[in-house]
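The chain contents come next:
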Amino acid sequence: MEEREIIIGLEIHCQLNTKSKLFCGCSTDFHDDEPNTHTCPDCLGLPGSMPKVNKCAIEYALKVAKALNCSIREESEFSRKHYFYPDLNKAFQITQHDKPLAEWGKLLIDGDNGEKEIRITRIHLEEDPGRSVHMGTSDRGKYTLIDYNRAGTPLIEIVTEPDLRSPKEARKFLNKLRATLEYLNVFDSEKEGSLRVDANISLKGSSRVEVKNISSYKGVEKALTFEITRQRNLLRRGQTVARETRHFVETRGVTTSSRSKEEENDYRYFPDPDLPLLRVASWVDGIELPELPDARRERFISQYGISPEHAKTLVGGLKLAEFYESVALEDPVLAATWTADYLLGELNYRDFSIDAMPAGLFKELLTLIKTDTVTDKSAVEILRMILDAVKEGKKPEHPQEIVSRLGLAKTSGDQITGMIQEVIAEQQAAVDDYYAGKMQALNFLVGQVMKKCRGRADPGHLNTLLKEILDKKA
């Protein structure tokens, strides 16, 4: 059976990092507070309450729209979207429907086959509902608690055209979008629930399935991968794919059927009578954008002389880009290599963010590498010891202190020459093989010297030196 084309579109809900909610003055700084302590008649929708629009939220949404090359509507409108769910306290959500704030933008990503433009259908503002806390297991729930602290938090929903063709492309799009939002300073990716994704996926010629409320970037890729396999298996067995909404169970890596897909008229949209039309297109000219990821990537290449691959990695998050610039002054290329190729791998292994690495200690480590004080292998060992100390809640040692305490300084000069002579004397069979033209014997002898010096010599230099000594003895 010929494989059908994968068609993916995303709906991304992003919490704007404002100090107060979208339609009232309640604080959005509620994550460490008791449930239902950040509410008022307005965000609870009590009788007689009257919503008032948060100007800062609109400015943030416009900033995102401008960064994503969207057209701003001359008039946009808030509507009521009606559906019943326990954490939707008013039984409707204030959102934008027929007249969104912005339309028809784009974002460039590295697609499966090179650079690719992903079209943005629309960006609109809406309020977040409350949060349901289900007590018990997913299949044996005892009861549900409702926390309305989140109700009314400003969201933007960013809807793409179905331009994505693989789960990998979807994850790349989300990573690029997250970085852009961080650079704009309108979004805090470290807050729980700050970005949630609904993914629409189909195989060409088949019905579309929506997977709701995926809360992580890895989760999106996993959910889409599972759905592609599930839908392909149905079609191969001659069955049809039902048009439905599904839920991603992150702990199991599967999607489960939730309900049949709603139609737009199920929500009974109508304009909110308490909120006037928004006429804010004229504000856009006054909005100044910061240096965004693509621009910073080009600057890193031209200013620091680093490779495009390293530059692409280093601009992938605002904090990462700022960290790199803070350590790049003495040797930008060395700093790029060690940040992108070594540090990020160690951080990811420990599930750390870039904040975990003290920039001052990393600069000291780079100095030891640059001055040839330690080998790359020893430098990695030092880096791991620093991060492990951070993980254990201890104060990490300075790199030079670790070198002195463990004797990690690079072995060179007369020391290394003496060790080579010892190995030549001890491994006569391998020496004879080398003289017989078996070049793998040289690698064996290099390994024996590295073992003798406990990895504290440069392998490339050692290879050259060993060959020179052997050839002189021939």
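Look up: the structure comes first, before these words.
An account of the accompanying structure is given in this report. Source: prediction; values computed, not measured. (Residues numbered from 1 in each chain as written. Predicted model: local features only at pLDDT ≥ 70, side-chain atom pairs only at ≥ 80, totals over all residues. Heavy atoms only, no water.)

1. Thoughts on a negative patch on the surface
Move 1: Taken together, the side chains of Asp29, Asp32, Asp33 and Glu34 define an acidic patch exposed on the protein surface.
Move 2: Within the element layout of this structure, Glu34 appears in the loop between strand S1 (6-15) and helix H1 (41-44). (Patch = residues over 30% accessible without salt bridge, like charges linked within 9 Å, V, L, I, M, F, W, Y side chains within 5 Å. Areas by Shrake-Rupley, 256 points an atom, 1.4 Å probe, with all protein chains shown as cover. Salt bridge = Lys/Arg side-chain N within 4 Å of Asp/Glu carboxyl O. Lys, Arg positive; Asp, Glu negative; His and termini not counted. Charge placed at Lys NZ, Arg CZ, Asp CG, Glu CD. Helix = DSSP H or I, 4+ residues; strand = E, 2+ residues; numbered from the N terminus.)

2. Brief notes about the pattern of salt bridges
Move 1: On inspection of all chains with the given rule, the structure shows 38 salt bridges.
Move 2: For Glu227, the salt bridge is made with Arg246, and the minimal N-O distance between the two is 3.1 Å. On the criterion of sequence distance, the pair formed by Glu227 in helix H4 (residues 217-236) and Arg246 in strand S12 (residues 244-249) is long-range, its members being 19 residues apart. Residues Glu227 and Arg246 agree in their burial class; the two are buried.
Move 3: In this structure, a network of salt bridges that share partners links the residues Lys176, Asp294, Arg297 and Glu298. (Buried < 20%, exposed > 50% of the residue type's maximum accessible area, 1.4 Å probe, protein only.)

3. Quick look at the nonpolar core
Move 1: Leu10, Ile123 and Phe173 are the most contacted members of the largest nonpolar core, which has 105 residues in total.
Move 2: With sequence-adjacent residues up to four places away left out, Ile123 is seen in contact with Val64, Ala65, Leu68, Cys70, Pro100, Leu101, Ala102, Ile156, Glu157 and Ile158.
Move 3: Residues Ile420, Ala430, Leu462 and Leu465 belong to the second largest nonpolar core, which totals 21 residues. (Core = buried A, V, L, I, M, F, W, Y, C linked by side-chain atoms within 4.5 Å. Contact = heavy atoms within 4.5 Å.)

4. Comments concerning empty space enclosed by the protein
Move 1: A full pass over the atoms with the stated rule returns 4 cavities of 30 Å³ or more.
Move 2: In this structure, the largest cavity occupies an estimated 60 Å³ of space.
Move 3: Considering the residues around the largest cavity, the lining is formed by Gln15, Leu16, Asn17, Thr18, Thr28, His31, Thr153, Asp188, Lys191 and Ser194.
Move 4: Looking at the lining of the largest cavity residue by residue, the classes come out as 1 nonpolar, 7 polar and 2 charged. (1 Å grid on protein atoms, 1.4 Å probe; cavity = no way out; pocket = protein on both sides within 12 Å on 5 of 7 lines; lining within 4 Å. Points joined across faces, edges and corners; volume = space filled by probe spheres on them. Nonpolar A, V, L, I, M, F, W, Y, C, P; charged D, E, K, R; others polar.)

5. Re helix H13 (residues 428-435)
Three- or four-residue spacings in an α-helix give side chains the same orientation, since the helix completes a turn every 3.6 residues.
Move 1: Among the residues making up H13, those that are buried are Ala430, Val431 and Tyr434. Buried positions in H13, seen along its axis, are confined to an arc of 105° and lie on one side of it.
Move 2: Gly437, located one to two residues past H13, shows a positive phi value of around 95°. (Arc of directions from axis to C-beta.)

6. With respect to the pairing of strand S5 (residues 102-111)
Move 1: The sheet contact formed by strand S2 (residues 71-72) and S5 spans 2 bridges and is antiparallel. What sits directly across from Ser71, in S5, is Glu103.
Move 2: Two elements, S5 and strand S6 (residues 114-127), share 9 bridges in a ladder whose sense is antiparallel. Paired with Asp110 across the bridge in S6 is Glu115.
Move 3: Adjacent in sequence and paired antiparallel, S5 and S6 are bridged by 2 residues. (Pairing = 2+ DSSP bridges.)

7. Re the sheet that holds strand S14 (residues 270-271)
Move 1: In space, the 3 strands of this open sheet follow the order S4-S3-S14, with antiparallel pairing throughout. Both outer strands of the open sheet, strand S4 (92-95) and S14, are each paired with one neighbouring strand and no more.

8. Observations regarding the state of the cysteines
Move 1: One pass over the structure, following the stated rule, counts 0 disulfides.
Move 2: For Cys56, which is in no disulfide, the shortest distance to another cysteine sulfur is to Cys14 and amounts to 13 Å.
Move 3: Look at Cys56 and you get partly exposed, because its relative accessible area is 28%. (Disulfide = S-S within 2.5 Å.)

9. Topic: the layout of surface pockets
Move 1: In this structure, the second largest pocket spans a volume of roughly 170 Å³.
Move 2: The wall of the second largest pocket is formed by Ala67, Leu68, Asn69, Lys106, Leu107, Leu108, Lys176, Thr180, Leu292, Pro293 and Asp294.
Move 3: Elements supplying a minimum of two residues to the lining of the second largest pocket: S5, helix H3 (167-184) and helix H5 (293-304).
Move 4: In terms of residue class, the lining of the second largest pocket is made up of 6 nonpolar, 2 polar and 3 charged.

10. Thoughts on unusual backbone geometry
Move 1: Even without being glycine, Trp104 reaches a positive phi, approximately 55°.
Move 2: For Trp104, the location among the structural elements is in strand S5.

11. Digging into the packing of helix H10 (residues 376-391) against helix H11 (residues 399-406)
Move 1: Between H10 and H11, the shortest axis-to-axis distance is 10 Å and the interhelical angle comes to 115°. The angle between H10 and H11 places the two elements in the roughly perpendicular class. The crossing of H10 and H11 is right-handed. In this structure, H10 uses Glu381, Ile382, Met385 and Ile386 to contact H11, whose residues at the interface are Pro399, Ile402, Val403, Arg405 and Leu406. (Axes fitted to C-alpha atoms, helices over the stretch in contact; angles between N-to-C directions. Parallel < 35°, antiparallel > 145°, perpendicular 65-115°, else oblique. Left-handed = near helix turned anticlockwise from the far one by under 90°.)

12. Concerning the side chain of Thr95
Move 1: In this fold, Thr95 is placed in strand S4.
Move 2: Given a relative accessible area of 2%, Thr95 falls into the buried group.
Move 3: Other than its neighbours up to four places away in sequence, Thr95 contacts Glu77, Phe78, Ser79, Lys81, His124, Leu125, Glu126 and Tyr269.

By themselves these figures say nothing about function.
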